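Below are the chains, spelled out letter by letter.
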Amino acid sequence: MSADIAGYSRMMGHDEEGTHVRMTRYRRDIVEPTVAEHSGTIVKHMGDGFLAVFDSPLEATRCAIVIQQTIAARNAAVSDKTHWLQYRIGINLGDIIYESNDIFGDGVNIAARLQTAAKPGDVNISGGVYEQVKNKLVCGYQSLGDERLKNITDPVRIYRVLPDPSAVVNTDHGVRWVARTAVPIVGACALTFGIGVWYATQRLADKQAIPDVAARGGEQPIPKPTQEMPAPVSVEAKVEAKSSEPQTAIPHSALVAPPPQAPISEPSPVAVLAPPMPAQRPEPATPSDAFRDCPNCPDMISLTGGMFRMGSSSDLSEKPVHQVNVAPFALSRVPVTKAQWQTCVAAKECTYHPDGADDLPVRNVSWKDAQQYIAWLSKTTSKPYRLPNEAEWEYAARAGTTTAYWWGARMAPGYANCRGCGTPHDPEKPIQIGLLPPNPFGLQGMGGGVAEWVSDCWHSSYQGAPRTGSWSAPNCREHVLRGGSWLSELDDVRVSSREAYDSDVRYPSHGFRVALSSR
């Protein structure tokens, strides 16, 4: 791994002492411990850069992603972007020559050239590294093609690492000519044809939808379900059948009617613009069955448990749909907040010092970080606190409903915090959870906000999943996250959507809530 700080000489010219202090702090607090955590060794520091070696290309790439994301989060707190320190990182897999306190060889030279070609804040990897890591990390890759690098005989294939896979749609390397010429021409033709098709389809759908809705007499409120009573089939349920979400029957005492849904004749289930959010955050009502085990502990909601059908047919990772029996448990009403986390830090039981406002969910925490907080909470309260398992999380998120989202089959403005969810969107942080309405169980932020760690090890599907409890595995390196985050797209905040990440790696949009088996 070869890395340096972009524009360091320019920043030194403006503020020599301040720039050097910030670089030294970043090196001490971020670079050195992150390299060591991923089994790497810094061979030497070179002014504003460094050269490091690793046991594997996978660990080197993980390390680079963590460094860039942690520094990006740190920079976000600095309003003047001219003071941002941004590394450019290049990673290559190749032979090296050790000599005293230095390393040499083409392997090193290629890494240095990849670093020079990287944009500020980016990670470039060679084709050899890409072949080793392409199916092992939850990220995307943009091919930059074969490049001839200075003093390197053969062309080198270069890939840009995209920690957010959806970012690949925003890249333009290698397609600029297409974007300037072919895309506008083809797009204009497609738009003209598409408008005609949509208009004809809309006219036909309108004619069919009006008598159909009239015959049913409109939407009906969802009655309180019982253990043996299936959910009613409404317009929502018919729309949801297209996405193959499972049907379920869950007992609970606090079901509410979902928000009004758009007519089924709409051409696509996209979100509409949200109404203005309240200028002052409303105080959420605390459910009558909520409890708290200490002054700074999370508010907990008791859930009765029961049988439900978990998963969906929308994605391979969510198949097969299977029946699960969830025992009674309690779950925190909102994700653990920064203020609650800081209580653990003050007790010297949590070692990570996150950024962010006290009333926002704590974020950029790893699965192992969450275990520190849970250990402290259990010790403080003498209660067996833990992360919820994946089945418990989905049971709580569904809250007795059967649709893609707990409020219905389609996204409704103001019910979740994500890209396109119809809530105010800040790319740097989630909104306050209190702005989101609670689901029928009284839980807030079960869609968007922060992606929430659960106890289960990652499995690529539900094939062989247990009917009760957590799904563990020996020496599991990745754990499951549920609910999506404020950086996620609409599909990722569905109640059945799932993802995974390295257990010991922090990511800016990751947080958690806690569970308790019994009071």
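Residues numbered from 1 in each chain as written. Predicted model: local features only at pLDDT ≥ 70, side-chain atom pairs only at ≥ 80, totals over all residues. Heavy atoms only, no water.

(A) Expanded view of the state of the cysteines. Throughout the structure, instances matching the rule amount to four disulfides. C344 shares a disulfide with C350; S-S distance 2.0 Å. Residues C344 and C350 are joined by a disulfide whose S-S torsion is about 85°; by sign, that bridge is right-handed. When its relative accessible area of 3% is taken as the criterion, C350 is described as buried. Residue pairing for C457: its cysteine sulfur links by disulfide to C476, the two sulfurs lying 2.3 Å apart. (Disulfide = S-S within 2.5 Å. Buried < 20%, exposed > 50% of the residue type's maximum accessible area, 1.4 Å probe, protein only.)

(B) Region of interest: the packing of aromatic side chains. Scanning the entire structure with this criterion turns up 15 aromatic pairs. Between Y395 and F441 the ring centres are 5.5 Å apart and the planes differ by 50°, which places this aromatic pair in the tilted class. Here Y395 is found in helix α11 (residues 390–398), whereas its partner F441 is found in the loop between α11 and β16 (451–457), with 46 residues between them in sequence. Among the residues examined, Y395 registers a relative accessible area of 0% and is labelled buried. Aromatic pair Y501 and Y507: ring centres 5.4 Å apart, planes at 55°, arrangement tilted. Overall, Y507 belongs to the buried group, its relative accessible area being 13%. An aromatic cluster is defined as three or more aromatic residues linked by ring pairs; in this entry it consists of F308, F329, Y395 and F441. (Phe/Tyr/Trp six-rings, centres within 6.5 Å; stacked < 30°, edge-to-face > 60°. Helix = DSSP H or I, 4+ residues; strand = E, 2+ residues; numbered from the N terminus.)

(C) Structural view of the confidence of the model for the protein chain. In the predicted model, the protein chain carries a mean pLDDT of 78, and the fraction of residues at 70 or more is 75%. When the elements of the protein chain are averaged for pLDDT, helix α8 (residues 235–240) gives the smallest value, 35, and strand β15 (residues 385–386) the largest, 97. Note that pLDDT drops below 50 for residues 166–193; the model gives that stretch 16 contacts with residues more than four away or on any other chain. Within the model, the stretch residues 203–285 combines pLDDT values under 50 with 136 contacts to residues more than four positions away or in other chains. (pLDDT = per-residue confidence, 0-100. Contact = heavy atoms within 4.5 Å.)

(D) Structural view of the pairing of strand β9 (residues 156–162). With six of seven residues buried, β9 lies mostly within the body of the structure. Pairing between strand β7 (residues 123–126) and β9: three bridges, direction antiparallel. Paired with I125 across the bridge in β9 is Y159. Here strand β8 (residues 140–147) pairs with β9 via seven bridges, running antiparallel. Bridge pairing in β9 links Y141 to V161. (Pairing = 2+ DSSP bridges.)

(E) Examining the pattern of salt bridges more closely. Scanning the model with the defined rule gives 25 salt bridges in all. Here R160 makes a salt bridge to D122, at a shortest N to O gap of 2.9 Å. Highlighted residues: R160 in strand β9 and D122 in the loop between α4 (106–117) and β7, separated in sequence by 38 residues. A residue is classified by how much of its surface remains accessible, and D122, at 11% relative accessible area, is buried. (Salt bridge = Lys/Arg side-chain N within 4 Å of Asp/Glu carboxyl O.)

(F) Focus on the nonpolar core. Ranked by internal contacts, the top residues of the largest apolar core, which has 65 residues, are I125, Y373 and F512. If one sorts the elements of this core by residue count, helix α3 (residues 57–76) sits on top with eight residues. Not counting residues up to four positions away in its chain, the partners in contact with I125 are T61, I91, L114, Y130, V133, Y141, R157, I158, Y159 and V161. Counting residues in hydrophobic clusters, the runner-up holds 24 residues, among them I301, A399, F441 and V454. (Core = buried A, V, L, I, M, F, W, Y, C linked by side-chain atoms within 4.5 Å.)

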